[in-house]
Amino acid sequence: MSNNIKVISGPIDKSSNHVLESGREKYFFTYTFGCQMNENDSERLAGQLRSNGYQNTDNIEQADVILINTCCVRESAEQKIYGKIGELKRLKTLNPNLVIGIAGCMAQKDRDKLFKKAPHIDLVMGTHNTHQLLELLQEVEQSRDKVLAVWDQAERLAPEVPTIRKNQISAWVPIMYGCNNFCTYCIVPYVRGRERSRPLGDIVQEIEQLGKEGFKEITLLGQNVNSYGKDSDENVDFADLLHAVDNISSISRIRYMTSHPRDMSDKVIQTIAQSSKICKHFHLPIQSGSDEILQRMNRGYTTEYYRELVRKIRESIPDASITTDLIIGFPGETEELFLETLEFIKTLHFDAAYTFLYSVRSGTPAAQMPDQVPLPVKKARLQQLMDIQNDISLRINRKLEGQLVEVMVEGPSKNDASRWMGRTGTNKIVIWDKGTECIGDLKMIKIMQAQTWLFRGQMV
Ligand code: SAH
Ligand code: SF4
Ligand code: F3S
């Protein structure tokens, strides 16, 4: 393998489409880090490989191609990924023909730096180049150069490629790509580009097809699903899309993520209230309970606005669950401002909160802000906040004890294959002893015991 780096800056001629040389089957192995959008991208990477004769393998030693689909939202994710890349060096030494490719958000951000940090990497492909995988692999195999394909900007809509889905019941469907919000801590807009909504007809068609293939649950994906349609000529918004998907009879559950509180409209709330299939779960990342910090985060709402939004949701849909994300230790978070966040979660009563230590992302405005919070302080605050939130979650969950809830059977419990795992529409995980029910069924389960993050149940 040479050390030349070949840069791919535009579309590749497809006439010489990559065909496997006959003889031995080729195998690929993928690792995925990060959010659901990345999981779905990995399904598209796998789809392209499978459509070209590659088989996937669970045995990494057998792989001819290893792809790591990466995330860079926090430093901890990057450290894990660099650790994983380091481990692959041994395999490359054993098999110099092995192709190691890095895709996704960290590839978009670090580009050719990845080759310098880890010379055993062969291919770096950015988030706007996912559809080029086969041509890029061919480039690597023919030239034996290192190949770098990281476009600064996405095509308005990337060409469709085959998707091989991991789950046979539940499918992810992207409705828009990118983000325009530029929250001051966040790297996502830099690595995923500007908002691009898919045409409503394409989305509906994809979901109808998924319904025919036996999928029961659809999760609509976007960094900010509530701004669906704003960038396109079609006169449609997220509520219209939800309505259209709600009418697809073969699908029994519709989820979506993520919502930006600022853009959550009354029309969306009403559409959800009137639907029996759209899950009554609102994931609305607040990020901080301090107005001062929210402003410096550029979130575009106040705590008062957020409270009013939650009030409206609970009024229209009394049994809705509401969850959130919180960042602890944003620059300038004093003890006093942190206490505002604690007060906020004590009064808001979230069903659950996903909590993150603020992580400096270079190139974002917050990285330059004064008064960065020391790590031990961040950690202590995080612990304090989690203790309080866990207590709230448990108290809310206990109210369900003895009640019947509808769950979709998702598969065997990870810790015990003799039990099923399923989720309620409100996104609560329930575990119960297996009966005659099948994956994908909607069943009534009696909640026997509540915990912070899950429930033990019993079939009735
Ligand atoms: N687009 C989604 C999710 C983006 S990333 C949204 O806006 O909700 C998921 C979560 O990671 C965010 O909600 C935020 O809580 C967290 N996050 C993003 N950047 C971060 C950073 N620099 N440090 C710590 N947490 C971060
Ligand atoms: Fe990041 Fe904010 Fe966009 Fe979410 S809305 S991806 S937190 S910039
Ligand atoms: Fe991570 Fe990229 Fe998703 S940075 S959270 S994988 S959009």
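Owing to the predicted nature of the structure, the values given are computational and were not obtained by experimental measurement.

S.K.: Sorry, what's going on with the nonpolar core here?
M.R.: Across soluble globular proteins, nonpolar side chains have a tendency to be buried as a group. Leu 220, Phe 238, Tyr 256 and Phe 282 are the most contacted members of the largest nonpolar core, which has 64 residues in total. At 6 residues, helix H13 (residues 335-348) tops the list of elements feeding residues into this core. Non-local contacts of Phe 282, meaning those with residues more than four positions away in its chain, are made with Tyr 256, Met 264, Ile 269, Ile 272, Ile 313, Ile 317, Ala 320, Ser 321, Ile 322 and Thr 323. Among the nonpolar cores identified, the runner-up in size contains 29 residues, and Ile 60, Ala 118, Ile 121 and Ile 187 belong to it.

S.K.: Explain the domain arrangement of the protein to me, please; I cannot follow it from the model alone.
M.R.: Accessible area lost on assembly of the parts is the figure often given for the size of an interface. Each domain of the protein was delimited in the assignment, giving domain 1 (5-149) and domain 2 (404-459). Between domain 1 and domain 2, the C-alpha centre-to-centre distance is 37 Å.

S.K.: Would you take a moment to explain the packing of aromatic side chains for this structure?
M.R.: What characterises a pair of aromatic rings is the spacing of the ring centres plus the angle enclosed by the ring planes. Enumeration over the complete set of coordinates arrives at 11 aromatic pairs. Pairing Phe 182 with Tyr 190 gives two aromatic rings, centres 5.3 Å apart and planes at 85°, and the pair type is edge-to-face. Judged by its relative accessible area of 39%, Tyr 190 falls in the partly exposed class. With centroids separated by 6.5 Å and ring planes inclined at 40°, the aromatic side chains of Phe 344 and Phe 350 adopt a geometry described as tilted. As far as the burial class goes, Phe 344 and Phe 350 line up, both buried. The cationic tip of Arg 74 hangs over the ring face of Phe 356; the distance from NZ or CZ to the ring centre is 3.8 Å. The ring of Trp 420 is capped by Lys 434, whose NZ or CZ atom sits 4.5 Å from the centre of that ring.

S.K.: Help me understand the pairing of strand S2 (residues 27-32) in this model?
M.R.: Note that S2 and strand S3 (residues 55-56) share 2 bridges and pair parallel. By the bridge assignment for S3, Tyr 27 is matched with Gln 55. What joins S2 to S3 is helix H1 (residues 36-51), and the crossover it makes is right-handed. As paired elements, S2 and strand S4 (residues 65-70) share 5 bridges and run parallel to each other. Across the sheet, the residue bridging to Thr 30 is Leu 67, located in S4.

S.K.: What's the story with the site of ligand 3 in this structure? I'm lost.
M.R.: Contacts to ligand 3 come from Gly 34, Cys 35, Asn 38, Cys 71, Cys 72, Val 73, Cys 105, Arg 192 and Gln 223. Broken down by class, the residue content of the shell around ligand 3 amounts to 5 nonpolar, 3 polar and 1 charged.

S.K.: Quick question: what am I supposed to make of the packing of helix H8 (residues 200-212) against helix H9 (residues 238-246) here?
M.R.: For any two helices packed against each other, one specifies the inter-axial angle together with the distance between the axes. One can describe the packing of H8 onto H9 by two numbers: an axis separation of 10 Å at closest approach and a directional angle of 30°. When the axes of H8 and H9 are compared, the pair comes out roughly parallel. Considering the relative orientation of H8 and H9, their crossing is right-handed. Residues Leu 200, Ile 203, Val 204 and Ile 207 of H8 lie in contact with H9, whose contacting residues are Asp 240, Leu 241, Ala 244 and Val 245. Looking at side-chain class alone, the contact of H8 with H9 contains 7 nonpolar, no polar and 1 charged residues.

S.K.: So what exactly am I meant to see when it comes to the layout of surface pockets here?
M.R.: Where empty space is left in the structure can be found by rolling a water-sized probe over the atoms. Quantified by volume, the second largest pocket comes out at close to 720 Å³. Lining the second largest pocket we find 29 residues, and of these Asp 319, Ala 320, Ser 321, Leu 400 and Thr 426 sit closest to its centre. Elements with a contribution of two residues or more to the lining of the second largest pocket: helix H14 (375-398) and strand S16 (404-412). Across the lining of the second largest pocket, the residue classes tally to 10 nonpolar, 9 polar and 10 charged.

S.K.: Looking at this structure, I do not really get the sheet that holds strand S11 (residues 217-221). What am I missing?
M.R.: Strand pairing in a sheet is mediated by backbone hydrogen bonds. Such pairs are either parallel or antiparallel. With parallel pairing, the 3 strands of this open sheet are ordered in space as S8-S11-S12. Of all the strands in the sheet, the pair left with one neighbour each is strand S8 (170-174) and strand S12 (253-257). Each strand axis lies, on average, 25° off the axis of its neighbour in the sheet, ignoring direction. Along the sheet, H8 contacts S8 and S11; its crossing angle with S8, the most-contacted strand, is approximately 170°.

S.K.: Which parts of the structure should I look at to understand the pattern of salt bridges?
M.R.: Proximity of charged atoms lets side chains of opposite charge pair with each other. Across all of its chains, the model carries 35 salt bridges by this definition. In this structure, the salt-bridge partner of Asp 263 is Lys 230, at a minimum N-O distance of 3.6 Å. Of this pair, Asp 263 sits in the loop between S12 and helix H10 (266-274) while Lys 230 is found in the loop between S11 and H9, placing the two residues 33 residues apart along the sequence. Between Arg 262 and Asp 263 there is a salt bridge; the shortest N-O distance is 2.9 Å. Judged by relative accessible area, which is 30%, Arg 262 ranks as partly exposed. The structure contains a network of salt bridges with shared partners spanning Glu 43, Glu 160, Arg 165, Arg 198 and Glu 206.

S.K.: Can you help me understand the sheet that holds strand S5 (residues 99-104) in this one?
M.R.: One open sheet accounts for 7 strands, arranged S1-S7-S6-S5-S4-S2-S3; its pairing is parallel. Of all the strands in the sheet, the pair left with one neighbour each is strand S1 (5-7) and S3. Against the sheet, H1 engages S2, S3, S4, S5 and strand S6 (123-125), with an angle of about 160° to S4. Those strands touched by helix H6 (residues 133-143) are S1, S4, S5, S6 and strand S7 (146-149), and its axis lies near 155° from that of S6.

What counts, and where the lines are drawn
- Residues numbered from 1 in each chain as written.
- Chains lettered and ligands numbered in written order.
- Predicted model: local features only at pLDDT ≥ 70, side-chain atom pairs only at ≥ 80, totals over all residues.
- Heavy atoms only, no water.
- Core = buried A, V, L, I, M, F, W, Y, C linked by side-chain atoms within 4.5 Å.
- Buried < 20%, exposed > 50% of the residue type's maximum accessible area, 1.4 Å probe, protein only.
- Helix = DSSP H or I, 4+ residues; strand = E, 2+ residues; numbered from the N terminus.
- Contact = heavy atoms within 4.5 Å.
- Domains from an automatic or database assignment.
- Phe/Tyr/Trp six-rings, centres within 6.5 Å; stacked < 30°, edge-to-face > 60°.
- Lys NZ or Arg CZ within 6 Å of the ring centre and 35° of its normal.
- Pairing = 2+ DSSP bridges.
- Right-handed = clockwise from strand over helix to strand, strands pointing away.
- Near = heavy atom within 4 Å.
- Nonpolar A, V, L, I, M, F, W, Y, C, P; charged D, E, K, R; others polar.
- Axes fitted to C-alpha atoms, helices over the stretch in contact; angles between N-to-C directions.
- Parallel < 35°, antiparallel > 145°, perpendicular 65-115°, else oblique.
- Left-handed = near helix turned anticlockwise from the far one by under 90°.
- 1 Å grid on protein atoms, 1.4 Å probe; cavity = no way out; pocket = protein on both sides within 12 Å on 5 of 7 lines; lining within 4 Å.
- Points joined across faces, edges and corners; volume = space filled by probe spheres on them.
- Salt bridge = Lys/Arg side-chain N within 4 Å of Asp/Glu carboxyl O.

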